[in-house]
Amino acid sequence: MAYYVFGIIRGNGGENWPHAELNGKSYRVLPIETNQMAAVVADVNETSFDPSRKNARTHQKITSEAHTRETFLPMSFGTVLQEKKDVKKLLTTLRPQAEKMFPKLENRMEVGLRLTADETYLRELASRSPVLKNIKAKQQKKGQLHFGERLEAGEASAAFMKELHENIQQSFFKPLSKIADSVKSNDLMHEKMVMNASFLVHEENEEAFDEEVNRLHDEWKEKLSFTYTGPWPPFNFVDIQMKAGR
Amino acid sequence: MIGKLFTWPLDTVVFAARKVKEEADRQYYDPKEIQRQLALLQLQLDEGTLSEEEYDEQEEVLLERYRQAKGEES
């Protein structure tokens, strides 16, 4: 017997949790409580879980359920403890940190916004850049650039993309940060992605935030693709990581 | 001395190649890097640039590497 930990919930966690499908098996989910704070766990009979889509969906499903019940601090995927006493020890260790975080995360949700530049928009912008235009003209004239010129072209392209990221992030972060409590910029996952951010939003401001995203969408939809996701538990605003057995 | 002069560049190339391979292996079996690639796969599926079948195939390859990486870690 081991315990897969989804996160820490304020209060006792309540009853009737949905089952968790992990590694193709169905496991019971239950809260383990000590003094008005509980770890939401699945009692599992294995300790290693692949970061597969199915397992990740289960992690998301149970953490989202917890988030709808009470203020919840989600743990990262794959946290497993060997014994119940380890879970209790985890609660004791994290209590001071959790008590500080609960009020900051109370009635708040995380939403994600990813922006990908449209190919035509990128080409149009690049055609307006004097540096890139010059490099392109050189390439057309000579057929092939020599090593130094290729390096120069690479650097110019990187600088062009960096400036584009900064401009776009500024256009989005500024208005959205006024409504959100907090914002976190995440890694860009491919070369056309120009923004990947998470926002912590109070539920009272959810509508205003949605409206602002819609306004920005109307303004930028010809140039950028939007992926707006949530509401999620505040994964990117809680920094709790425990290794199994610790 | 002559021998050394002749073999030095070869040693360097072998050393550099070994270093490149070590770095490639490190990345290939780095669980965090594998998780990053899984997230990218999910993104491609969401954006419609990858089919369900392609996703499943590529996910299985990455998960196999992840298991090997975890096996080496423990």
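Located above this text is the structure these notes cover.
Below is a summary of the structure that appears in this document. Not measured: the values here are computed from a predicted model.

Criteria and thresholds
Residues numbered from 1 in each chain as written. Chains lettered and ligands numbered in written order. Predicted model: local features only at pLDDT ≥ 70, side-chain atom pairs only at ≥ 80, totals over all residues. Helix = DSSP H or I, 4+ residues; strand = E, 2+ residues; numbered from the N terminus. Buried ≥ 20, exposed ≤ 12 C-beta atoms within 10 Å, placed from the backbone. Rg over C-alpha atoms; globule rule 2.2 N^0.38 Å. Contact = placed C-beta atoms within 7 Å. Pairing = 2+ DSSP bridges. Axes fitted to C-alpha atoms, helices over the stretch in contact; angles between N-to-C directions. Parallel < 35°, antiparallel > 145°, perpendicular 65-115°, else oblique. Left-handed = near helix turned anticlockwise from the far one by under 90°. Nonpolar A, V, L, I, M, F, W, Y, C, P; charged D, E, K, R; others polar.

1. Topic: the overall build of chain B
Consideration 1: A count of helical and extended segments in chain B gives three helices and zero strands.
Consideration 2: Within the span of chain B, comprising 74 residues, buried residues form 5% of the whole.

2. Re the overall build of chain A
Consideration 1: If you tally the helices and strands in chain A, you get six helices and eleven strands.
Consideration 2: Taking 2.2 N^0.38 as the reference for a compact globule, 246 residues should give roughly 18 Å; the C-alpha atoms of chain A span a radius of gyration of 23 Å, well beyond that estimate.
Consideration 3: Its C-alpha atoms give chain A principal-axis dimensions of roughly 70 × 40 × 30 Å.
Consideration 4: The 246 residues of chain A split such that 28% are buried.
Consideration 5: Sequence separation of at least 24 residues holds for 74% of the intrachain contacts in chain A that already meet a minimum separation of 6.

3. Quick notes on the interface of chain B and chain A
Consideration 1: Of the residues lining the interface, twelve residues belong to chain B; the matching set on chain A comes to eight residues.
Consideration 2: Elements supplying a minimum of two residues to the side of chain B that touches chain A: helix 2 (31–46) and helix 3 (52–73) of chain B.
Consideration 3: Sorting elements by how many residues they give to the side of chain B that touches chain A places helix 2 of chain B first, with seven residues.

4. Some thoughts on the pairing of strand 1 (residues 2–10) of chain A
Residue and element names in this part refer to chain A.
Consideration 1: In terms of burial, strand 1 is largely enclosed, as nine of its nine residues are buried.
Consideration 2: Of the strand pairs in this sheet, strand 1 and strand 7 (residues 80–81) are connected by two bridges, and their pairing is antiparallel. Bridge pairing links Tyr4 to Val80 in strand 7.

5. Let's talk about the sheet that holds strand 9 (residues 182–185) of chain A
All names here are of chain A.
Consideration 1: Strand order across the open sheet formed by four strands is 9-10-8-11, with antiparallel pairing between neighbours. Edge positions in the open sheet fall to strand 9 and strand 11 (224–232), since each of these has one partner strand only. Mean inter-strand twist for the sheet, computed between neighbouring axes without regard to direction, equals 20°.
Consideration 2: Bridge count for strand 9 against strand 10 (residues 193–202) is four bridges, and the pairing is antiparallel. By the bridge assignment, Lys184 is partnered in strand 10 with Ser198.

6. A few points about the environment of Thr34 of chain A
Residues and elements named next belong to chain A.
Consideration 1: Inspection of the secondary structure assignment puts Thr34 in the loop between strand 4 (29–33) and strand 5 (37–44).
Consideration 2: Assessed through the 15 C-beta atoms surrounding it within 10 Å, Thr34 is described here as partly exposed.
Consideration 3: Not counting residues within four places of it along the chain, the set of residues in contact with Thr34 comprises Lys88 and Leu91.

7. Topic: the pairing of strand 4 of chain A
Residue and element names in this part refer to chain A.
Consideration 1: Judged from the five bridges that link them, strand 4 and strand 5 form a sheet pairing that is antiparallel. In the sheet register, Val29 faces strand 5, and the bridge partner there is Ala42.
Consideration 2: The turn joining strand 4 and strand 5, which pair antiparallel and follow one another in sequence, is formed by three residues; a positive phi near 50° is taken by Asn35.

8. Quick look at the environment of Lys138 of chain A
Residue and element names in this part refer to chain A.
Consideration 1: Structurally, Lys138 is set in helix 4 (residues 130–142).
Consideration 2: Of the residues examined, Lys138 has 13 C-beta atoms within 10 Å and is grouped as partly exposed.
Consideration 3: On a C-alpha basis, the gap between Lys138 and Glu149 in space is 9.2 Å, while along the polypeptide they are eleven residues apart.

9. Some details on the packing of helix 5 (residues 147–179) of chain A against helix 6 (residues 206–220) of chain A
Residue and element names in this part refer to chain A.
Consideration 1: Closest axis-to-axis distance for the helix 5/helix 6 pair is 9 Å, and the angle between their directions is 165°. Taken together, helix 5 and helix 6 sit at an angle that is classed as roughly antiparallel. The way helix 5 lies across helix 6 gives a crossing that is right-handed. Facing helix 5, whose interface residues are Phe172, Pro175, Leu176 and Ile179, helix 6 presents Ala208, Phe209, Glu212 and Leu216.
Consideration 2: Its residues placed into classes, the contact of helix 5 with helix 6 shows seven nonpolar, no polar and one charged.

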